[in-house]
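# Analysis of the macromolecular model
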Amino acid sequence: MLMILTRRGLLEAAWRRWGNHRGCYRRVCIVCGIVFYAGRPQATYCRAACRQRAYRRRQKVRR
Ligand SMILES: [Zn+2]
């Protein structure tokens, strides 16, 4: 029997079954490009580190 123990595993299983729905959205990180599952449709980063990286990049571009 397959046991899904991680939160990510649970979200992925839910997404495979029902697709995008309330509380589970499949997103692609705009910084590193990996697929992740988020509870909110607005999520654009897979983790805090990526958000910070994008933020720093924005700061650099602005003058
Ligand atoms: Zn990322």
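Refer to the structure above for everything that follows.
Computed from a predicted structure; not experimentally measured. Numbering of residues begins from 1 in every chain and follows the order in which that chain's sequence is written. Totals for whole chains, interfaces and linings use every residue, but because this is a predicted model, local features are given only for residues with pLDDT of at least 70 and side-chain atom pairs only at 80 or more, for both listing and counting. Hydrogens are left out, water is left out, and the side-chain values use all remaining heavy atoms of the structure.

### Quick word on the overall build of the protein
- Along the backbone of the protein there are 2 helices and 2 strands.
- Here a helix means four or more residues in a row that DSSP labels H or I, a strand means two or more in a row labelled E, and each is numbered from the N terminus. For the protein, the sequential pattern of α-helices and β-strands runs α-β-β-α.
- Buried, partly exposed and exposed residues are distinguished by accessible area as a fraction of the type maximum, computed with a 1.4 Å probe on protein chains only: under 20%, between the cut-offs, and over 50%, respectively. Across the 63 residues that make up the protein, the buried fraction comes to 25%.
- The contact rule is simple, with two residues in contact once any of their heavy atoms fall within 4.5 Å. In the protein, the share of contacts with a sequence separation of at least 24, taken over all contacts with a separation of at least 6, comes to 8%.
- For accessible areas, the Shrake-Rupley method is used with a probe of radius 1.4 Å. Any residue's cover is judged against the shown protein chains and nothing else. If you sum the accessible surface of the protein, you get close to 5,500 Å²; carbon and sulfur atoms cover 53% of it.

### A look at the pairing of strand 1 (residues 25-28)
- If DSSP finds at least two bridges between two strands, the strands pair. Bridging between strand 1 and strand 2 (residues 35-38) involves 4 bridges; their strand directions are antiparallel. Among the inter-strand pairings, Arg27 is bridged to a residue of strand 2, identified as Phe36.
- Taking the residues that link successive antiparallel strands as the turn, the strand 1-strand 2 hairpin has 6 residues, and the phi of Gly33 there is positive, at about 80 degrees.

### Some remarks on the nonpolar core
- Buried Ala, Val, Leu, Ile, Met, Phe, Trp, Tyr and Cys residues that are joined via side-chain atoms within 4.5 Å together make up what is termed a nonpolar core. Listed in full, the 8 residues of the largest apolar core are Cys29, Val31, Phe36, Ala38, Ala43, Tyr45, Cys50 and Ala54.
- Going through the elements one at a time, strand 2 and helix 2 (48-61) are the ones with two or more residues in this core.
- Residues contacting Ala43, with those up to four places away along its chain left out, are Arg27, Phe36 and Ala38.

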